[in-house]
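Remarks on the overall topology
For reference, the chains in residue letters:
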Amino acid sequence: MGKLDQPYWIDLDPRLDRTHVPTHLCTDPARFEQEIDRVFSRTWLKVGRIEQVSQAGDYFVKDIPAPKASVLVVRGASGELGAFHNVCTHRCNRLVWESAGKTSGFLCKFHAWGFDTSGRLRHVPDAESFYELDYQELSLTPVAVDVWEGFVFVNLTAAPAIGLAEFMGEAGKRLHGFPFDKLTTEYGYSALLNCNWKVMLDAFSEGYHVSTVHRRSLPGLTANPFGHPQYARLFRQHRAMGLDGSGSPTHTPMELLAGQFGASLVKGGGGEGCLPDDVNPDRSPTFNQDITVFFPNFLVHVLEGNYYTHQFWPVSVNQTLWEARTYFAPPRSFAERFSQEFAHCLHRDAWAEDTGTMEHTQQMLETGARKYMVLQDNEVLIRHAYMVLEEALR
């Protein structure tokens with residue numbers, strides 16, 4: 001459903017209105033604390049991929065800046081997937097210091113308390129000197145964990161209000177069938193930026209900026225100069241849209257060579273046999289990518305033959321940890337590896353252009369010169385995001 005067929009994207013969700021977005025939502029410290037307490041402390045959050053814990057004893061640690069948490073995700077000896085607060089139950093030392101590894105158990109580096117991969121306390125040195133020890137109560141503190149399409153999610157609440165499948169809902173179902181499990185070669189970037197997490201989320205939730213911000217890295221990518229979505233989907237908390245790649249990109253000789261051997265950010269096509277039915281539903285040959293924004297901070301960009309993700313972790317009211325990951329099929333030749341490395345560099349250039357605007361935006365928001373931001377219809381995913389967040393804070 002193109003823009004000419006859909007007069008206003010805003011009409012897809014009756015909860016949306018045409019009011020402006022107050023700027024204090026990105027600058028108010030009290031508001032930020034509400035978001036952490038009522039959203040990030042209670043919502044399913046993506047923390048990794050199942051390939052990181054494919055075998056018994058595999059583990060990884062994910063530190064979450066706000067709320068302050070360190071989560072240990074581990075594949076138990078019997079194959080079960082578990083997640084725990086990465087905190088020794090003796091005197092609250094950080095239990096696992098490494099970011100990932102393989103083990104048969106965890107030994108605290110402070111007093112050598114030992115835990116198995118199921119989180120159970122197994123060994124306490126000089127146990128007889130304690131007044132009483134309840135080994136079960138002193139096992140690691142569990143964290144809710146589940147998997148969607150190979151992505152590992154946790155919820156920091158003791159008993160989540162809803163399970164992960166219900167949380168992902170129709171937005172998650174529409175991506176079923178995409179070969180996430182076959183695209184396991186990963187490349188990544190991360191950076192700590194001086195801006196509110198929503199400033200980053202907003203910037204990656206629209207195509208209006210592409211012809212301006214990416215005129216150097218992606219010249220001529222689209223003949224749709226204002227980034228009008230090819231289609232949009234608005235769900236209870238999540239949202240999605242398809243972006244066009246109908247232009248005549250200006251390719252360098254190196255880019256032409258790399259494009260012969262693998263997927264690329266600038267390749268278009270209908271995606272027959274690769275994309276789920278509701279991703280590029282009309283099988284438009286000018287389709288570039290589908291962007292699904294999962295509440296609150298996780299974006300999945302699906303293209304033909306590869307995908308990439310963004311995640312924006314709030315650190316403070318004006319600081320955000322940005323993590324970007326790109327995934328390809330394992331390369332079968334040097335040529336395919338070269339193609340992937342080139343695509344990784346192209347992403348670097350484009351994302352550097354994106355992130356280059358964000359700290360300037362935050363600085364100007366904090367001047368208070370403007371009390372609201374104005375959104376057009378094609379920025380509907382941004383409008384939807386603020387509305388959903390308001391609902392979650394009530």
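Here's what I pulled together on the structure shown here. (Residues numbered from 1 in each chain as written. Predicted model: local features only at pLDDT ≥ 70, side-chain atom pairs only at ≥ 80, totals over all residues. Heavy atoms only, no water.)

1. Digging into the packing of aromatic side chains
To be explicit about the condition: Each Phe, Tyr or Trp ring (for Trp, its six-membered ring) is paired with any other whose centre lies within 6.5 Å, and the angle between the two planes then decides the class: stacked below 30 degrees, edge-to-face above 60, tilted in between. A run of H or I in DSSP counts as a helix once it spans at least four residues, and a run of E counts as a strand once it spans at least two, with each numbered from the N terminus. With a 1.4 Å probe rolled over the protein chains alone, any residue whose accessible area is under 20% of its type maximum counts as buried; one over 50% counts as exposed, and the rest are partly exposed. We count a charge as sitting over a ring when the NZ of a lysine or the CZ of an arginine lies within 6 Å of the ring centre and within 35 degrees of the ring normal.
Applying the stated rule across the entire model yields 21 aromatic pairs. A centroid spacing of 5.8 Å and a plane angle of 75° characterise the contact between Trp113 and Phe130, whose relative ring orientation is edge-to-face. You can see Trp113 sitting in the loop between β7 (105-107) and β8 (114-116) and its partner Phe130 sitting in the loop between β9 (121-123) and β10 (144-148), a full 17 residues away along the chain. Using a relative accessible area of 3% as the deciding quantity, one classes Trp113 as buried. Measuring from centroid to centroid gives 6.1 Å for Phe151 and Tyr307, while their planes differ by 80°, and the two rings are edge-to-face. Residue Phe151 is located in strand β11 (residues 151-155), and its partner Tyr307 is located in strand β17 (residues 307-316); the two are separated by 156 residues in the primary sequence. Of the two residues, Phe151 and Tyr307, both sit in the buried class. Here the aromatic cluster, defined as three or more aromatic residues joined through ring pairs, consists of Trp148, Phe151, Phe153, Phe178, Phe180, Phe294, Phe298, Tyr307 and Tyr327. Above the plane of the ring of Phe151 lies Arg49, whose end atom (NZ or CZ) is 4.5 Å from the centre. The lysine or arginine in question, Arg370, covers the ring of Tyr372, its NZ or CZ lying 5.2 Å from the ring centre.

2. As for the sheet that holds β9
Where we set the bar: Strand pairing is assigned whenever DSSP detects at least two bridges linking the two strands. Every axis in this analysis is a line fitted to C-alpha atoms, fitted for helices over the stretch in contact. Angles between the N-to-C directions lie between 0 and 180 degrees.
The strand order across the open sheet formed by three strands is β7-β8-β9, and the pairing between neighbours is antiparallel. At either end of the open sheet lies a strand with only one pairing partner, and these are β7 and β9. Going across the sheet, the axis of each strand differs from the next one's by a mean of 35°, ignoring polarity. Two elements, β8 and β9, share two bridges in a ladder whose sense is antiparallel. Considered in β9, the bridge of Phe115 is made with Leu121.

3. With respect to empty space enclosed by the protein
As a reminder of what qualifies: In this analysis, the protein atoms alone were mapped onto a 1 Å grid. Cavities are point sets where a 1.4 Å probe fits without being able to get out; pockets are open sets with protein on both sides within 12 Å along at least five of seven lines; lining residues have an atom within 4 Å of a point. Grid points are joined across faces, edges and corners, and a volume is the space filled by probe spheres set on the points.
Applying the stated criterion across every chain yields a total of two cavities of 30 Å³ or more. There is about 70 Å³ of room inside the second largest cavity. Taken together, Trp197, Lys198, Leu201, Asp202, Arg239, Phe295, Pro296, Ala385, Tyr386 and Leu389 make up the full set of residues lining the second largest cavity. Residue assignment for the lining of the second largest cavity shows that the elements contributing at least two residues are α3 (197-203) and α7 (380-393).

4. Section: α7
The following threshold applies: The length a helix should cover is 1.5 Å for every residue beyond the first.
For α7, spanning 14 residues, the distance from its first C-alpha to its last is 20 Å, which sits close to the expected 20 Å at 1.5 Å a residue. Counting buried residues along α7, eleven of its 14 residues qualify, which places the element largely inside the surrounding structure.

5. Examining the pairing of strand β16 (residues 298-302)
Along β16, five of the five residues are buried, which leaves the element largely enclosed by surrounding structure. Burial of the side chains of β16 extends over both faces: Phe298, Val300 and Val302 are buried on one face and Leu299 and His301 on the other. Bridge count between strand β15 (residues 287-294) and β16: five bridges; the pairing is antiparallel. The partner of Ile291 across the bridge, within β16, is His301. Between β15 and β16, which pair antiparallel in sequence order, lie three residues. When β16 meets β17, the two strands line up antiparallel, connected through five bridges. What sits directly across from Val300, in β17, is Thr309. Turn length for the β16-β17 hairpin, with the two strands adjacent in sequence and antiparallel, is four residues, and the turn residue Gly305 shows positive phi of about 85°.

6. A look at the environment of Asp134
Note the cut-off: The term polar contact refers here to a pair of N or O atoms within 3.5 Å; inside protein, the definition further demands a hydrogen-donor-capable atom paired with an acceptor-capable atom, and it admits residues adjacent in sequence only when both atoms are side-chain atoms.
Following the sequence through the fold, Asp134 ends up in the loop between β9 and β10. Residue class for Asp134 comes out partly exposed when judged on its relative accessible area of 44%. Spatially, the C-alpha atom of Asp134 lies 9.3 Å from that of Leu121, the residues being 13 residues apart in sequence. Here the side chain of Asp134 touches Gln136 through a polar contact of 3.2 Å, landing on its backbone nitrogen.

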